[in-house]
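Notes for the structure review
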Amino acid sequence: MNDFYQILDNPVWNALQTTHKNYAKGTSTIQKYPADMLQILGCENPAAAKLEEIEPWMSPGEKLFMVGELAPLPAGWNIYNKIECVQMVCEKTLFPSGSEIDIISLNEKDNEEMLALINQVQPGYFHHNTRLSGRYFGIRHDNKLIAMAGERLCMTGFTEISAVCTHPSYTGKGYARQLVAHITHTNLSEGKLPFLHFVTTNIRARKIYELLGFTERRLIPFWGLTYLNTDKPAG
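Residues numbered from 1 in each chain as written. Predicted model: local features only at pLDDT ≥ 70, side-chain atom pairs only at ≥ 80, totals over all residues. Heavy atoms only, no water.

**Concerning the overall build of the protein chain**
Each helix and strand counted, the protein chain has 4 helices and 11 strands in total. The globule rule puts the C-alpha radius of gyration for 235 residues at 18 Å, and the 18 Å found for the protein chain is close to it. Counting only C-alpha atoms, the protein chain reaches 60 × 40 × 30 Å along its principal axes. Split into buried and exposed, the 235 residues of the protein chain put 50% on the buried side. Considering only contacts in the protein chain between residues 6 or more positions apart, those separated by 24 or more positions represent 69%. Summed over its atoms, the accessible surface of the protein chain is roughly 11,200 Å², and 50% of this surface lies on carbon and sulfur atoms. Seen as two clouds, the 22 positive and the 24 negative side-chain charges of the protein chain have centres 4 Å apart. (Helix = DSSP H or I, 4+ residues; strand = E, 2+ residues; numbered from the N terminus. Rg over C-alpha atoms; globule rule 2.2 N^0.38 Å. Buried < 20%, exposed > 50% of the residue type's maximum accessible area, 1.4 Å probe, protein only. Contact = heavy atoms within 4.5 Å. Areas by Shrake-Rupley, 256 points an atom, 1.4 Å probe, with all protein chains shown as cover. Lys, Arg positive; Asp, Glu negative; His and termini not counted. Charge placed at Lys NZ, Arg CZ, Asp CG, Glu CD.)

Spelled out as structure tokens, the structure:
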């Protein structure tokens, strides 16, 4: 991949500087999303970032992720997890437009169902206002939400596809593939390149995304951090 894709080496920061700048909390060099939206943090220059600067916007015991390079950890911060992920991009989808089933747009009235579904399948990554990060789509059966996917990190020229999940009772029917294809076609038609992340051990996800036309760009870690120190002197 050429230099055009370097923006994806620091995706959280670049989202907060462009499409999602209205959600940014922090300083001119380190920012985070509201905790009830995305528990994720970005730095302009992670190697030189001072995490102390974001502490006024942190709650005691708050957890969040950094994506890519990890900033130096000051006292009061702890790594509780490291998730190795594959980052993929799609310049041209191999899956035809259109769907064999009805794909619906999800909105505020669907929020509780969305939370229930994704926290059953992928607990801990979707919060009350995560839906505000982009457009979300779903598939219903007997008026029950059984599959969903949407847009998370959005920046100029790029959109991350995320929250791809299917209720365990309805897997194997191609619902995830059709939802990702729908979002991919939508973004490509708007001149935005879709990208996504998945855990390196998820072989099934890789096969689905490759069939849709996604190609691997790089491996990228997600660092789970906890802000622990609540007794620092003021000033």
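Here the narrative resumes.
**Considering the side chain of Glu151**
Here Glu151 shows up in strand β8 (residues 144-155). What makes Glu151 buried here is its relative accessible area of 4%. Within polar-contact distance, the side chain of Glu151 engages the side chain of Arg135 at 2.9 Å. Ignoring sequence-local partners within four residues, the contact set of Glu151 consists of Ser133, Gly134, Arg135, Tyr136, Thr159, Glu160, Ile183 and Asn187. (Polar contact = N/O pair within 3.5 Å; in protein donor to acceptor, adjacent residues only side chain to side chain.)

**Notes on helix α2 (residues 111-121)**
Along α2, the positions that sit buried rather than exposed are Asn111, Met114, Leu115, Leu117 and Ile118. Looking at the packing, one finds that the buried side of α2 touches β6 (104-106), β7 (136-141), β8 and β9 (158-166).

**Quick notes on the pairing of β7**
Where β6 meets β7, 3 bridges bridge the pair, whose relative direction is antiparallel. Within β7, the residue paired with Ser105 across the bridge is Phe137. Where β7 folds back on β8, the antiparallel hairpin that results is connected by 2 residues, among which Asp142 adopts a positive phi of roughly 50°. (Pairing = 2+ DSSP bridges.)

**Topic: the pairing of strand β5 (residues 77-89)**
On a regular strand, one side chain projects to one face of the sheet and the next to the other, so that they alternate. Judged from the 12 bridges that link them, β5 and strand β11 (residues 215-227) form a sheet pairing that is antiparallel. Looking across to β11, one finds that Trp77 is bridged to Tyr227. Relative to strand β10 (residues 193-199), β5 runs antiparallel, the two being bridged by 5 bridges. In the sheet register, Cys85 faces β10, and the bridge partner there is Val199.

**Some remarks on the packing of helix α3 (residues 175-189) against helix α4 (residues 203-212)**
Between α3 and α4, the shortest axis-to-axis distance is 10 Å and the interhelical angle comes to 45°. As summarised for this structure, α3 and α4 are arranged oblique, according to the angle between their axes. Crossing handedness for the pair α3 and α4: right-handed. Residues Arg177, Val180 and Ala181 of α3 touch α4, and the partners they reach there are Ile208, Tyr209 and Leu212. (Axes fitted to C-alpha atoms, helices over the stretch in contact; angles between N-to-C directions. Parallel < 35°, antiparallel > 145°, perpendicular 65-115°, else oblique. Left-handed = near helix turned anticlockwise from the far one by under 90°.)

**Details of the pattern of salt bridges**
Inspection of the entire model under this criterion finds 13 salt bridges. Glu190 serves as the salt-bridge partner of Arg135, at 2.8 Å between the closest nitrogen and oxygen. Here Glu190 lies in the loop between α3 and β10 and Arg135 lies in the loop between α2 and β7, a separation of 55 residues in the sequence. For Arg206, the salt bridge is made with Glu216, and the minimal N-O distance between the two is 3.1 Å. In this pair, Arg206 is assigned in helix α4 and Glu216 in strand β11, connecting sequence segments 10 residues apart. (Salt bridge = Lys/Arg side-chain N within 4 Å of Asp/Glu carboxyl O.)

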